[in-house]
Amino acid sequence: MADQRTLVLGGARSGKSIAAERLLADVPDVVYVATGGDDSGNSEWAERVAKHRARRPVSWGLAETIDLVGLLEVPGPPLLIDCLTLWLSRTMDVAEVWSDLSRAELVEQRIAELAAAWSATPRHVVAVSNDVGSGIVPADPGTRLFRDLMGRLNTTISLSSDQVLWTVAGRTLPLT
């Protein structure tokens, strides 16, 4: 399948999720993979989740998980992963990296596992990710580590993708 693996990059509120959804709009059996968790009690988060749900076709399924490798390894309907940035943040949470930066090696291993599964997936997959490295240098070591890991993750997934798109101000451009 042409463009089996697509990465949609952009900054915050650039329109990248909408661009990714449009790529699969005509496919009835997409599984939307939400990596952000439920963040119970956060009204702002609940509002964001509600907007995303309202945009998606009712025929689409939902998987709320950071076990992307498990989903990518098995055949099935197309996946729309939204987003790799939240996957990284939650993976860092699980590995307890925020309190012990020396544990970053565990996250780098998860990134390698995800990249291998992405490269070999039998599924049509579209993933959304933030480009967090285009701004200022973060003041604290944990946030700098996150920025660096996010850059490595985006680069690794991009180099194994059939198509990479950049979204800015609601416009989506192919990267070659």
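No experiment lies behind these values; they were computed from the predicted model shown. Residue numbering note: each chain is counted from 1, following its sequence as written. Owing to the predicted nature of the model, reporting of local features is limited to residues with pLDDT of at least 70; listing and counting of side-chain atom pairs is limited to 80 or more, with chain, interface and lining totals taken over all residues. In computing side-chain values, all of the structure's heavy atoms are included and hydrogens and water are not.

A. Local environment of the nonpolar core. Here, nonpolar core means buried Ala, Val, Leu, Ile, Met, Phe, Trp, Tyr and Cys residues that are tied together by side-chain atoms lying within 4.5 Å of each other. Any residue under 20% of the maximum accessible area for its type is buried, any over 50% is exposed, and the rest in between are partly exposed; the area is computed with a 1.4 Å probe on protein chains only. Of all hydrophobic cores here, the largest spans 31 residues; its most connected members are Ile81, Leu84, Leu88 and Leu153. Among the secondary structure elements, those contributing two or more residues to this core are strand 1 (5-10), strand 2 (31-34), helix 3 (68-73), strand 4 (79-82), helix 4 (84-94), helix 5 (104-120), strand 5 (125-130) and helix 6 (141-159). Only DSSP runs of H or I reaching four residues or more are called helices, and only runs of E reaching two or more are called strands; each is numbered from the N terminus. Here this core gets 7 residues from one element, more than from any other, and that element is helix 5. Any pair of residues with heavy atoms lying within 4.5 Å of one another is described as a contacting pair. What leucine 153 contacts, discounting residues up to four positions off in sequence, is Leu84, Trp87, Leu88, Ile111 and Leu114. Core analysis: the second largest hydrophobic core is formed by 13 residues, Ala20, Ala34, Trp60 and Leu165 among them.

B. Structural view of helix 6. The length a helix should cover is 1.5 Å for every residue beyond the first. Helix length check: helix 6 (19 residues) gives 27 Å between terminal C-alpha atoms against 27 Å at 1.5 Å per residue, within 8%. The set of residues buried in helix 6 consists of Gly142, Leu145, Phe146, Leu149, Met150, Leu153, Asn154 and Ile157. Taken around the axis of helix 6, the buried residues stretch over an arc of 165°, which confines them to a single face. Each element contacted by the buried residues of helix 6 is listed here: strand 1, helix 4, helix 5 and strand 5. Pairs of N or O atoms within 3.5 Å make up the polar contacts considered here, provided that, within protein, one atom can donate a hydrogen while the other can accept it, and that residues adjacent in sequence are counted only when both atoms are side-chain atoms. Where helix 6 begins, one side-chain oxygen reaches toward the backbone nitrogen of glycine 142, 3.2 Å away; that side chain belongs to aspartate 140. Directions are taken from the helix axis to each C-beta atom, and the arc is the one they span.

C. Examining the pattern of salt bridges more closely. The working definition used for a salt bridge is a side-chain nitrogen of Lys or Arg within 4 Å of a carboxyl oxygen of Asp or Glu. Taken as a whole, this structure holds 3 salt bridges when the rule is applied. Arginine 5 is paired through a salt bridge with aspartate 162; the nearest N and O atoms lie 3.5 Å apart. One end of the pair, arginine 5, is in strand 1; the other, aspartate 162, is in the loop between helix 6 and strand 6 (163-168), with 157 residues separating them in the sequence. For arginine 5, a relative accessible area of 15% translates into the label buried. Under the relative-accessibility criterion, aspartate 162 is labelled partly exposed at 40%. Across the salt bridge formed by arginine 152 and glutamate 108, the nearest N and O atoms sit 2.8 Å from each other. Taken together, the residues arginine 152 in helix 6 and glutamate 108 in helix 5 connect sequence positions 44 residues apart. Among the residues examined, glutamate 108 registers a relative accessible area of 38% and is labelled partly exposed.

D. Fine view of helix 4. Those residues of helix 4 lying buried are Leu84, Thr85, Trp87, Leu88, Thr91 and Met92. Relative to the axis of helix 4, the buried residues are bounded by an arc of 160° and lie together on one face. Against strand 1, helix 3, strand 4, helix 5, strand 5 and helix 6 lie the buried residues of helix 4. A positive phi of about 55° marks glutamate 96, the residue just after helix 4.

E. Summary view of the packing of helix 4 against helix 5. Note on method: axes are straight lines fitted to C-alpha atoms, helices fitted across the in-contact stretch only, with angles between N-to-C directions ranging 0 to 180 degrees. It is at 10 Å that the axes of helix 4 and helix 5 come closest, and there the two elements cross at 140°. Relative to helix 5, helix 4 is oriented oblique. Of the two possible hands of crossing, helix 4 and helix 5 adopt the one that is right-handed. Residues Leu84, Trp87, Leu88, Thr91 and Met92 of helix 4 pack against Val107, Arg110, Ile111 and Leu114 of helix 5. A class-by-class count of the residues in the contact of helix 4 with helix 5 yields 7 nonpolar, 1 polar and 1 charged. Working definition: roughly parallel below 35 degrees, roughly antiparallel above 145 degrees, roughly perpendicular at 65 to 115 degrees, and oblique for all remaining angles. Helix crossings are classified by the rotation of the near helix relative to the far one: an anticlockwise turn of less than a right angle makes the crossing left-handed, while a clockwise turn makes it right-handed. Note on residue categories: nonpolar means Ala, Val, Leu, Ile, Met, Phe, Trp, Tyr, Cys or Pro, charged means Asp, Glu, Lys or Arg, and polar means any other residue, Gly included.

That is the geometry; function is a separate question.
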